[in-house]
Amino acid sequence: MNKSLKIVESWKKILYKEFEKNYMKELKEFLVNDKKNYTIYPKCNEIFSAFNQTPMDNIKIVILGQDPYHGERQANGLSFSVARGIKPPPSLVNIFKEIKDDLGITNYGKGDLTSWAKQGVLLLNSTLTVRANYAGSHQNIGWEKFIDKVISTISEEKNGIIFLLWGKSAQNKEKLIDANKHYILKSSHPSPLSAYRGFFGCKHFSKCNKILKKQGKSEIKWKL
């Protein structure tokens, strides 16, 4: 477990002080012990996939999710993403529906968002692990504090990042972001319970590309 909890050097240099804090050491110990009794998702070597796929220097967009998926083989360490070959969950289906309505791009049947991450979309969950079949089971063990530090660090160190805050949980992080330096786009969550309250029709995907083009950055290819 310990050997597999790896994060790329570029992020490690930025967050090394955080990893040395007691709460992170306690979190790591919790995961080691919890793994003795439960199956933990995502796999150990994918817990920091969001960071490993999107180095700090590459970030253009941050999409904030909540927990990893807790079903078998679903979570791959990227928010809203599932492992290749796994049926997309309802929230991801709705994300693809909005992309089709916004840009005419069809991604149905796919679900691995790694290609977005490699283009500079940091797919960040507020909790990076979960017990199998127990939604929210690793909330309040330290991950939220760590992710808050990540968001505030991005806000401080970068300029012109686009933050997509979907739903109340993500929007609670808005206070960590300097709105004078960054772009903040908000809507309801893409969950079937709330997508019709503002996510559908938000056109965040085309808006992101317009902002990136204005900044002289390459646009995101949302087609998987």
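Residues numbered from 1 in each chain as written. Predicted model: local features only at pLDDT ≥ 70, side-chain atom pairs only at ≥ 80, totals over all residues. Heavy atoms only, no water.

Undergrad: Account for the pairing of strand β3 (residues 121-125), with residues named and values stated.
TA: By the criterion of burial, β3 is predominantly enclosed, with 5 of the 5 residues buried. Of the two faces of β3, the one holding Val121, Leu123 and Asn125 and the one holding Leu122 and Leu124 are both buried throughout. Bridge analysis of strand β2 (residues 61-65) against β3 gives 5 bridges, and the strand direction is parallel. By the bridge assignment, Ile61 is partnered in β3 with Val121. (Buried < 20%, exposed > 50% of the residue type's maximum accessible area, 1.4 Å probe, protein only. Helix = DSSP H or I, 4+ residues; strand = E, 2+ residues; numbered from the N terminus. Pairing = 2+ DSSP bridges.)

Undergrad: An account of the packing of helix α1 (residues 9-19) against helix α6 (residues 143-157) is needed here, citing residue identities and associated values.
TA: The geometry of α1 relative to α6 is characterised by a closest axis approach of 11 Å and an angle of 135° between their N-to-C directions. Compared by their axis directions, α1 and α6 come out oblique. Considering only the axes of α1 and α6, their crossing is right-handed. Between α1 and α6, the residues in contact are Trp11, Ile14, Leu15, Glu18 and Phe19 and Phe146, Lys149, Val150, Thr153 and Ile154, respectively. Across the contact of α1 with α6, the residue classes break down as 7 nonpolar, 1 polar and 2 charged. (Axes fitted to C-alpha atoms, helices over the stretch in contact; angles between N-to-C directions. Parallel < 35°, antiparallel > 145°, perpendicular 65-115°, else oblique. Left-handed = near helix turned anticlockwise from the far one by under 90°. Contact = heavy atoms within 4.5 Å. Nonpolar A, V, L, I, M, F, W, Y, C, P; charged D, E, K, R; others polar.)

Undergrad: Quick one: what's the story with empty space enclosed by the protein, residue by residue and with numbers?
TA: Tallying each qualifying case throughout the model produces 2 cavities of 30 Å³ or more. A volume near 60 Å³ is recorded for the largest cavity. Residue composition of the lining of the largest cavity, grouped by class: 8 nonpolar, 4 polar and no charged. Approximately 40 Å³ is the volume found for the second largest cavity. (1 Å grid on protein atoms, 1.4 Å probe; cavity = no way out; pocket = protein on both sides within 12 Å on 5 of 7 lines; lining within 4 Å. Points joined across faces, edges and corners; volume = space filled by probe spheres on them.)

Undergrad: Before we move on, can you summarise the environment of Glu144 with the specific residues and values?
TA: Along the chain, Glu144 turns up in helix α6. Considering only alpha carbons, one finds Glu144 and Leu128, 16 residues apart in sequence, at a separation of 8.8 Å.

Undergrad: How would you sum up the pattern of salt bridges? Please name residues and give values.
TA: Side-chain pairs of opposite charge can arise whenever the charged atoms involved come near each other. A full pass over the atoms with the stated rule returns 6 salt bridges. The residue Lys21 makes a salt bridge to Glu18 at a minimum N-O spacing of 3.2 Å. Among the residues examined, Lys21 registers a relative accessible area of 38% and is labelled partly exposed. Residue Glu18 is classed as buried on the basis of its relative accessible area of 5%. For Lys173, the salt bridge goes to Asp148, with nearest N and O atoms at 2.5 Å. With a gap of 25 residues between them, Lys173 in the loop between α7 (168-171) and β6 (183-187) and Asp148 in helix α6 connect regions that are remote in the sequence. (Salt bridge = Lys/Arg side-chain N within 4 Å of Asp/Glu carboxyl O.)

Undergrad: Got a sec to walk through the packing of aromatic side chains? Specific residues and values, please.
TA: In total, this model carries 18 aromatic pairs according to the counting rule given. Look at Phe19 and Phe48: their rings are 6.0 Å apart centre to centre, the planes differ by 75°, and that puts the pair in the edge-to-face class. You can see Phe19 sitting in helix α1 and its partner Phe48 sitting in the loop between β1 (40-41) and α3 (49-53), a full 29 residues away along the chain. Residue Phe19 is classed as partly exposed on the basis of its relative accessible area of 22%. Phe48 gets classed as buried once you look at its relative accessible area, which sits at 4%. Seen from their ring centres, Phe199 and Phe200 are 6.1 Å apart, and the 55° between their planes marks the pair as tilted. (Phe/Tyr/Trp six-rings, centres within 6.5 Å; stacked < 30°, edge-to-face > 60°.)

Undergrad: Please provide a residue-by-residue account of α1, values included.
TA: Every buried residue of α1 is accounted for by Trp11, Leu15 and Glu18. One face of α1 carries all of its buried residues, which in axial projection span an arc of 15°. Across from the buried face of α1, at angles greater than 90 degrees, the exposed residues are Lys13 and Lys17. Along its buried surface, α1 packs onto α2 (22-37), α3, β3 and α6. (Arc of directions from axis to C-beta.)

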